[in-house]
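Here is what each chain is made of, one letter per residue.
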Amino acid sequence: MLTIKALHIIFVVSWFAGLFYLPRIFVNHAMVEDAATKERLAMMEMKLYRFMTPLGILAVGLGLWLWFGYGFAGGWLHAKTLLVVFLILYHLYCGQLLRAFAEGRNTRSHKWFRVFNEIPVLVLAVVVYLVVFKPF
């Protein structure tokens, strides 16, 4: 089980790297005006999203494996699970934003994306707190 736990942590960290960086690319994409740069950013967004999606699937899948190995007990784990569901929805919403940029339909400002970019940081802080301290 320690191998599964280690792999889970590796894939969670990798998935979060994408969750941190993709919205940052959105910030830049919302700021630029020239078509060549927009096209380059759209390509970067798509490649990153395609790379980070399997990482997220592996992180969640290994987390489920840990559930079966250790059981599902404690309020902290319920709270963490709810946050993971939120992150999955955040990830999927990033995919919608990515398609909007690719199709030239983005209506959000770079300032909105700067705030949006901070959401996974806050979720990560709460998840780490829950996992380390198991407060309830």
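So, a few notes on the structure that sits alongside this text.

Looking now at the packing of aromatic side chains. All chains considered together, the criterion is met by 12 aromatic pairs. Centre to centre, the rings of Phe-16 and Phe-20 are 5.6 Å apart; their planes meet at 55 degrees, and the pair counts as tilted. In this pair, Phe-16 and Phe-20 both sit in helix α1 (residues 2-31), 4 residues apart, roughly one turn of the helix. When its relative accessible area of 5% is taken as the criterion, Phe-16 is described as buried. Through successive ring pairs, a cluster of aromatic residues spans Phe-26, Tyr-90, Tyr-93, Phe-101, Trp-112, Phe-113 and Phe-116. Over the aromatic face of Trp-112 sits the side chain of Arg-108, whose NZ or CZ is 4.1 Å from the ring centroid. Between the NZ or CZ atom of Lys-134 and the centre of the ring of Trp-76, over which it lies, the distance is 4.7 Å.

Right, let's talk about the environment of Val-126 for a bit. Structurally, the position occupied by Val-126 is in helix α5 (residues 119-133). On the accessibility criterion, Val-126 (41% relative accessible area) is partly exposed. For the pair formed by Val-126 and Leu-83, sequence separation is 43 residues and the distance between their alpha carbons is 8.6 Å.

Moving on to the packing of α1 against helix α2 (residues 35-70). Direction vectors running N to C along α1 and α2 enclose 155 degrees, while the axes themselves pass 7 Å from each other. Between α1 and α2, the interaxial angle falls into the category roughly antiparallel. In this structure, α1 crosses over α2, and the sense of that crossing is left-handed. In terms of residue class, the contact of α1 with α2 is built from 24 nonpolar, 7 polar and 3 charged.

This next bit is on the pattern of salt bridges. On inspection of all chains with the given rule, the structure shows 1 salt bridge. As a salt-bridge pair, Arg-105 and Glu-103 come within 2.6 Å of each other at their nearest N and O atoms. When its relative accessible area of 53% is taken as the criterion, Glu-103 is described as exposed.

What counts as what
Residues numbered from 1 in each chain as written. Predicted model: local features only at pLDDT ≥ 70, side-chain atom pairs only at ≥ 80, totals over all residues. Heavy atoms only, no water. Phe/Tyr/Trp six-rings, centres within 6.5 Å; stacked < 30°, edge-to-face > 60°. Helix = DSSP H or I, 4+ residues; strand = E, 2+ residues; numbered from the N terminus. Buried < 20%, exposed > 50% of the residue type's maximum accessible area, 1.4 Å probe, protein only. Lys NZ or Arg CZ within 6 Å of the ring centre and 35° of its normal. Axes fitted to C-alpha atoms, helices over the stretch in contact; angles between N-to-C directions. Parallel < 35°, antiparallel > 145°, perpendicular 65-115°, else oblique. Left-handed = near helix turned anticlockwise from the far one by under 90°. Nonpolar A, V, L, I, M, F, W, Y, C, P; charged D, E, K, R; others polar. Salt bridge = Lys/Arg side-chain N within 4 Å of Asp/Glu carboxyl O.

Taken by themselves, the reported measurements are silent on function.
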